[in-house]
Every structure is written in C-alpha cells, then in structure tokens.
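Take a look at the letters that make up each chain.
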Amino acid sequence: MLKNYFKIAWRNLWKNKIFSFINIFGLAVGFACCLMISGFLSDELNYDHFPANAKDIYRVEISTENKDFYSFVDVAVGAGMKNAYQEVTDFTRLNNWKNVFVKYNDEQFKEAAIGVVDPNFFHFFSIPLQQGDVAKALKEPHSVVLSESTAKKYFGTENPVGKFLVINNRPNPYKVTGILGKLPGKLHFDFDIYMGLKTDSALQTWSNVGNYTYLQLKPGTDPKKLEARFPELVAKYVVPEVQHDMGVSLAEAQKSVNSFVFYLKPITDIHLYSANKEELQANGSIKYVYIFAALAVFIILLAGVNFTNLSTAASIKRSKEVGIRKVMGSAKKQLVIQFLAESLLLTAFAFLLALFFVYLALPYFNNLSGKELSFSAFMNYKWLIAELTFAAMVGIFAGIYPAFFLSSFNITGILKRKNNAATQGTRGLRGGLVVFQFAVSISLIICTVIVYQQLHFMQNKELGFDKAQVLIINDTYLMGKDQIAFKQQLQQDSRVINASLSRDVPVASPVLDGTQAFAKEHLDNETKSEIHINKYHVDEAYLKTMGMQLLKGRNFSPDFSTDSAAVIVNETAVKEFGISGDPIGKSIVCSGQKEYNIIAVVKDFHYTSVKEKIAPLVMMLGNNGGSILLKVKTGNIEPLLSSIRSQWNSYNAKGPFSYSFADDRFAAVYRNEMRTGQIFTLFALISIIIAALGLFGLSAFSTAQRTKEIGVRKVLGAKVSQVILMLSKEFMYMVLIAFVIAVPVTWFAMHRWLEEFAYRINISWITFILSGCIAMLIAFITVGFQALKAAVANPVRSLRSE
C-alpha cells in the first residue's frame, strides 16, 4: 500500500513538472541555506567547551574609571587570587608576542603571533600533545611546543622534538619539547607556537595589564560572590602601587577600589559575549548568532510557504481526483497519507539537491564567513540523522495543511464542477503567506542597504588624518640603530614626501601602550581622579606624514632639547583631564610620577575603529622603533618598492623586507562588518528568489483560472496593458501590505544594530522607499511575465470550448 502511495505521488510530481520544480528548487535552496547556517552556528556556539573543566574556568578581566574593559590583568593577579581564596583551585597565564621571527638553520619565518604560557597551560585547557609530555613540555627554560603544520614547515620529515629554534634573534636557542595534537574543538586563542612564560619575581605587580589570566574554581562556586570580595585585593595591592606610581595621597589612591574593578568571565562566554580591548583574536557576537538563526528559520519558512501556497492553489486540478477517490470508497485518512507521501517525496528530492548545493557553495560560504566548514562534517552520521529528521519534519509540516485541505473537499460540489468552491477558502491564506514572504524579503533588502550605508560611512568618515598613499615599512627594529639612518636615506628619494619612524599607525594597529595620568593642577584636588590615557610614540615628522592638524601649540622639534619630557594631547584628553583655560604649558603626571609638559593639542582623530568613541591620547617623542611610515606621491609604486628593498638589504637587516599600505590595513579592520554586509546581501537575494518563485507559481495558477475571462475581455476590446494591470494589481496590493508590515519591524531592528557603533548614520526614509520599490519591481516583473503571456494569447483558443 505504501509503495502505491509513492508511485501515485511520483506520477503527480512528474505530471506537474514546472510546479514540482519550483517546490523542489525552493525547498532545496532553503535546506542548503539552513545546513550552512547550522554549520556556522554550531562552530560559533562550541568555542571553549571541550576543556575538561570548562564550566568552572573563568578569565580575570578589569574595568577602569573610563569604562574601558580589558581582557588581561597584571602578572601577580593569578597567583594572588589563588592564594587569597580557597575557591580558586588553579590558575594559568597567557601572553602573546606578535610579529615574531623564528629561524631554523638558515631559513627564517615570520610568525604573526606566538603564545607565551605557564607550564601548566596545556593541562589546564585539556590541550593534547601528539609528542611530548603535557605536564613537562614547557617546564624547561627556553622550550617550545609547535603545531604539527608548523613543525613540518620548519623541519619537513625530520623528527622536530629535540631540535632548536632561534626566536627573535635571541642568543639562547629554544628547544622543541612537544608537538600539539588535534584539538577536539575550538578555543578563543589559536597559536602554532607556544613557549614558556618567564616570571621575574621582582615584577609581581597588580595595577598594570599584559597577562591573560585564567582561574579554575571549585565546582559549585558562585563567581558573583567571589567577585564581590575582589575589592579587598584592590585595597591591599593596587592602592599602594597607585599611591607610589602616581605620587598621590592615600585618599586619592583609595579611589582605585571603586574605579579599578576585577571581574570574572566564563571562558565559554568569551567568543560570543566579549568585546573588550586587546582580545586575543576577533570574537564573534551573540547578536549575529541570533540574526543568522533567524535568517535560517525565515528562509526555510519561505520555502515551506511556497509549498503550501502552490499545493492549495493547485487544488483545483486535484479536486476531481479527490471526488472520484471518495466515490470509489477512499477514506479521508488514506487521502491524507497520499498527499503527505507526495510532500515527503518532494522533500526527499529537495534534500538531495540541497546536499549538492552545499557541496558547490561551501567553499564560497567559508570564504564569506571566515570559517573552515567541511562537507564531510555534514555527512557525519549524527548530522545526517538530524538533517533527515529536520527534512521529514519540514515535509510533514509543509504538506499537512494541503493534505487535510484537499482530503476535505465536498464530493457533491466537486462533481457538479464547482471548482471555485474548492479553492475559494484558501485565497485569504495564500494572500497572507505571500504577504509574509515579501515582508521578510523587504526586511532583508532594507537591512542590506542600511548595513552597506553604515560601512560606507565608516570607510569614508573624516578620520582626522590622511591614510592615502601611506606606505608602512614593517619590522625596522631589526636594523637596530641603523633604522634612523635608513629613514633619512629614504627621505632623500624624490618620490617620498615625508618619512616618520613610529610603531603606531591609526586604526590599522591596536594601541598597546597606556597608563594612568592626571593633570598636575588637580594634584591637591581630592575630588579629581586620574584617567586612563593611550600613548603614541612618534618623531618630529609624524604629524606631517599622517596629515594631522594641530589646533594649538607647536610640533615636536629637534631645536628643543626639553621635548623628551613634552607631549602632544588630543582634544578628548584635554576634556577628560579637566584642564582649565589654555592647556599649553600645563603638565600631566603619568604612572611612575613621570611629569610631561603639554606643548600642543592635536585635532581628534580616529586611532581605533570608528565603532569606538575617541579616547584620550598623548603623543610622546622617542621609544618609537618598529616601523617607518612613508607618505609617497608616486602612482607607480613598484619601482619605489624595488628601490626600498635594495636599500633594506644593504643594511643586512636580520629579517626579510616587509611592507603594507595604511588604507589596506584600515580596510582590514572592518572585514567582519564587510562580511556581515555580504551575508545580508546573499540571503536577501535568496529570499527574493524564493518569494519570486512562489509568486511565479501563484500567478500562473491565477492566470490559468482566468483564461476564459481574459479571452472575453479581449474580444470586448480590452487592451494588453489593461489585462496586465488586472492580473497584477492583486499581487501588488499584497506586496504593498508586506512593505507596511516590514518597515516598522526593520527600523527597530536596525536601530538596535546601529547602537553598537559610536559613530553611525541616521536611517533615512529614502532607504525604505527604495527597498519597497525594488520589491514591487521584482514582484511586477514576476507576475507581469505570466500576465503578458496570457494577455497576448489568442482569445479564440480559450473560448472555443464554450
């Protein structure tokens, strides 16, 4: 019997090829999107879950008076908290060195970053080793552990354990003591090289930052109750350091108890819920998880709506079949099973086609999302069981209404050719489903437009400096004292407008240097606390090279020997310091009781992402080795690069020549936002395609039902344009209703999204009108194709049977 159901189902699908294709293709696209988004969400949601005690591991973080949140703390915090609280059973620390040169024999490589960790780090995070002892691998001084791929890069087929590497040209080589095994999941950090953390007992301080510190708590410990006791550690350790370093009174230093706050973050929350300064890598966002999950649901709903719509609309063709079956004795239960069998068969074809789509699209999706999803993961038996169960559920839910609707036709009405009675009750449902489809599609179009407007705004906002034609020569510290001579030599080139020696590039590189400071005029003011400031280390040519504007005062100059104790501050720093009157000539006091004289105020510029508000910044002279910034005027850059490379080699630098452009590094900062825009565009396009396919099918059925009416109208003199308008206006009304529904919902959602940005666009009503017009145009073209086809047909052919 079951075989017969599917045989009849196959015949009906084959008989209605166009509408079967629309349903299968629409469902396949929906399934494929859901599968890829599910893979993306699974990857995002499983960060930091595999360590044995993941639920009891927390990262220690701090917030300051400025409401700045930092992911790392000072060197003594981990051991101090373990000794102070019995709830803490263990701790470990991680530091990261960036842009590290690693050498084996005569071959040298540059690693973007390496991890510097405590010896218990691998055991703490349940990180397996393929070779070596987890407990002993980093106990020896000058030892390193490599990933398998890095070991092959350096040593080829040789056994790497016991071999030695030279790191950053240090005199003592580092011995390879282990090879990382394959991680059973993802962590919020990812290094190919780990080396032991050397701790100097003389530097056990609490009030600075630099070490990512993790605590393991006893099971059942309430982290909030433990956090509530942290102020006692601030009072005991941080306050004396602040008093000593800043040279302030005890009363002033004691304000740190409230402004210097330690808190705990579960490691399982870091990837999706943390947006602190100095994260180890770019984190995800729980908001985007919700957005992508909603996209997956909406897209599969759109495909399911198509199935329901087309099945109920096609009921006029199945009404006689149902009537005859009932006359022949078929029970309603049998008819329901028959139509559900058709739905499941169609869903099975769609699922197989979806797997093919995933296979084709996965490389592009990985590139778009920054993931490394593999097709084999979707063929894993656990995934397959979930996928098949989901597909079956979609088939049943999408087909259950048409099945019960078709099986409930009245025999008398059907056999008396009252076909309209069979479908009249579904017009409202079909209209509502079309409205839903286009409301979703219009919303995604609006979201896409607003996302791109915000991206355009960020990339073209006045930054306060000129990033164009700024060439960055990296790693000039490898030249030692020769980097100054190298810079002076480069400046002699007629193609170079200005040259500056500095490691700090606005937006393109993070600010890693900061300190506490206060205006000296407030030294005796017990109501005024110090603020956190970021520091740039620059030379006399920096402002000119980067095109920055001085509002007051003068630039650094070799003519003033006192400039080693001078600073240039930005406008925000002047406000935050609370300096009264003209700031030029006033002094600020930094940590270590170092006093600096303000010689100028630079116009605020965005030295971090436009997503963040401009924070206080001071520029200091010297201690700025690391990169040379060149403002160049040539359009043909290759000859200049070739010349610079030759000059670099002539200095016998201890590393390869490397360069980048400021505008390229600027663009990289907004890569995640660009990906978001591209993903919105992709899914908006998919939703429109699915909605248009459904509208195409519905308009075809509607036109077929009105063939004779069209013929009569044409015989009576109706024009083609009048017929097209008649057939299209009903659907246009539906799209208009969808637009009215979509606008307020989307405005609210995008307004909330834009709140993440300190500097953002104002949402314009033109965006909504434009998006609505796009949806109307797509709907009109889709319906108009069928309408035009019917309008130009010979009326004789439709009326000859009358």
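Anything mentioned here points back to the structure above.
A short tour of the structure in this document, coming up. In this text, all values refer to a predicted model and were calculated from it rather than measured experimentally.

Scanning the protein chain from N- to C-terminus turns up 28 helices and 22 strands. Counting over 802 residues, the protein chain shows a buried share of 52%. In the protein chain, 81% of the contacts between residues at least 6 apart in sequence involve partners at least 24 apart. A total accessible area of about 37200 Å² is found for the protein chain, and carbon and sulfur atoms account for 58% of it.

It is worth spelling out the side chain of T572 at this point. For T572, the location among the structural elements is in helix α21 (residues 571–577). Residue class for T572 comes out buried when judged on its relative accessible area of 11%. Looking at T572, its side chain comes within polar contact range of the side chain of D604, at 2.8 Å.

A separate point is the pairing of strand β12 (residues 470–474). Along β12, 5 of the 5 residues are buried, which leaves the element largely enclosed by surrounding structure. Residues V470, I472 and N474 point to one face of β12 and L471 and I473 to the other, with burial holding for every one of them. Note that β12 and strand β21 (residues 627–632) share 5 bridges and pair antiparallel. Pairing of I473 across the sheet is with I628, part of β21. When β12 meets strand β22 (residues 659–661), the two strands line up antiparallel, connected through 3 bridges. Among the inter-strand pairings, I472 is bridged to a residue of β22, identified as S660.

Turning to the sheet that holds β12, a few remarks are in order. Strands sit in the order β13-β21-β12-β22 across an open sheet of 4 strands; the sheet is antiparallel. Two strands bound the open sheet, and with one partner strand each, they are β13 (496–501) and β22. Across this sheet, the average inter-strand angle for adjacent strands is 20 degrees, counted without regard to direction. Sheet topology note: the β13/β21 ladder contains 5 bridges and is antiparallel. The residue of β21 that forms the bridge with N498 is K631. Sheet strands in contact with helix α22 (residues 637–650) are β12, β13, β21 and β22, and its direction is about 25 degrees off that of β12.

All of the buried residues along helix α5 (residues 148–155) are T150, A151, Y154 and F155. For α5, the arc enclosing every buried residue in end-on projection is 105 degrees, short of the 170-degree limit, so these residues lie on one face. The outward face of α5, more than 90 degrees from its buried face, is lined by the exposed residues S149 and K152. Those residues of α5 that are buried are in contact with β3 (88–104), β4 (107–117), β6 (143–146), β7 (164–167), β8 (174–180) and β9 (193–196).

What follows is about unusual backbone geometry. A positive phi angle is found at H142, which is not glycine, with a value near 55 degrees. Looking at the element boundaries, H142 is found in the loop between β5 (129–131) and β6. Judged by relative accessible area, which is 35%, H142 ranks as partly exposed. A positive phi angle, near 55 degrees, is found at N169, a position not held by glycine. Along the chain, the position of N169 falls in the loop between β7 and β8.

Two elements in contact, helix α19 (residues 482–491) and α22, have axes separated by 11 Å at closest approach and are oriented at 150 degrees. By the angle between their axes, α19 is roughly antiparallel relative to α22. Here α19 runs over α22; the crossing is right-handed. Judged by residue contacts, F486, Q489 and L490 of α19 engage I644, Q647 and W648 from α22. Across the contact of α19 with α22, the residue classes break down as 4 nonpolar, 2 polar and no charged.

A word on the pairing of strand β20 (residues 617–621). Burial analysis of β20 places 4 of its 5 residues in the buried class, which makes it a mostly covered element. Judged from the 5 bridges that link them, strand β15 (residues 531–538) and β20 form a sheet pairing that is parallel. Bridge pairing in β20 links V538 to L621. Pairing of strand β17 (residues 566–570) with β20 involves 3 bridges; the strand directions are antiparallel. The residue bridging V567 from the neighbouring strand is M620, located in β20.

Another aspect to go through is the packing of aromatic side chains. Summed over all chains, the structure comprises 38 aromatic pairs. Pairing Y104 with F155 gives two aromatic rings, centres 4.5 Å apart and planes at 65 degrees, and the pair type is edge-to-face. Placement of Y104 in strand β3 and of F155 in helix α5 is noted, with a sequence separation of 51 residues between them. Across this residue pair, the class does not change: Y104 and F155 are buried. With a centroid separation of 5.3 Å and 50 degrees between ring planes, the pair formed by F121 and F189 is classed as tilted. Taken as a pair, F121 in helix α4 (residues 121–124) and F189 in the loop between β8 and β9 lie far apart in primary sequence, 68 residues in all. Just as F121 is buried, F189 falls in that class too. Among the aromatic residues, those joined into a ring-pair cluster are F121, F122, F124, F125, F189, F191, Y194 and Y214. One cation-aromatic arrangement involves K467 over F666; the distance from NZ or CZ to the ring centre is 4.6 Å. A cation sits over an aromatic face here: R554 above F560, 3.7 Å from the ring centre.

Further remarks concern the nonpolar core. Counting 104 residues, the largest nonpolar core has F31, F438, Y542, M548, F605, M619 and F683 as its most contacted members. With residues near it in sequence (within four places) discarded, F31 still touches I300, T347, A350, F351, A354, F390, A391 and V394. Counting 54 residues, the second-largest nonpolar core is a separate cluster that includes V117, F191, V239 and I270.

With that settled, consider the pattern of salt bridges. Tallying each qualifying case throughout the model produces 19 salt bridges. In this structure, D43 and K371 form a salt bridge, with 2.6 Å as the shortest nitrogen-oxygen distance. Of this pair, D43 sits in helix α2 (residues 17–45) while K371 is found in the loop between α13 (332–369) and α14 (375–378), placing the two residues 328 residues apart along the sequence. We note that D43, like K371, is buried. Between D118 and R93 there is a salt bridge whose closest N-O contact spans 2.9 Å. Of the two residues, D118 sits in the loop between β4 and α4 while R93 sits in strand β3, which places them 25 residues apart along the sequence. When its relative accessible area of 7% is taken as the criterion, D118 is described as buried. A cluster of three or more residues bridged by salt bridges with shared partners is formed by D43, E44, K186 and K371.

A few words on α22. Spanning 14 residues, α22 covers 20 Å between terminal C-alpha atoms, matching the ideal 20 Å at 1.5 Å per step. Where α22 is buried, its residues contact β12, α19, β13, β21 and β22.

Cut-offs applied
- Residues numbered from 1 in each chain as written.
- Predicted model: local features only at pLDDT ≥ 70, side-chain atom pairs only at ≥ 80, totals over all residues.
- Heavy atoms only, no water.
- Helix = DSSP H or I, 4+ residues; strand = E, 2+ residues; numbered from the N terminus.
- Buried < 20%, exposed > 50% of the residue type's maximum accessible area, 1.4 Å probe, protein only.
- Contact = heavy atoms within 4.5 Å.
- Areas by Shrake-Rupley, 256 points an atom, 1.4 Å probe, with all protein chains shown as cover.
- Polar contact = N/O pair within 3.5 Å; in protein donor to acceptor, adjacent residues only side chain to side chain.
- Pairing = 2+ DSSP bridges.
- Axes fitted to C-alpha atoms, helices over the stretch in contact; angles between N-to-C directions.
- Arc of directions from axis to C-beta.
- Parallel < 35°, antiparallel > 145°, perpendicular 65-115°, else oblique.
- Left-handed = near helix turned anticlockwise from the far one by under 90°.
- Nonpolar A, V, L, I, M, F, W, Y, C, P; charged D, E, K, R; others polar.
- Phe/Tyr/Trp six-rings, centres within 6.5 Å; stacked < 30°, edge-to-face > 60°.
- Lys NZ or Arg CZ within 6 Å of the ring centre and 35° of its normal.
- Core = buried A, V, L, I, M, F, W, Y, C linked by side-chain atoms within 4.5 Å.
- Salt bridge = Lys/Arg side-chain N within 4 Å of Asp/Glu carboxyl O.
- Expected span 1.5 Å × (residues − 1).

Bear in mind that shape data such as this cannot, by itself, settle questions of function.
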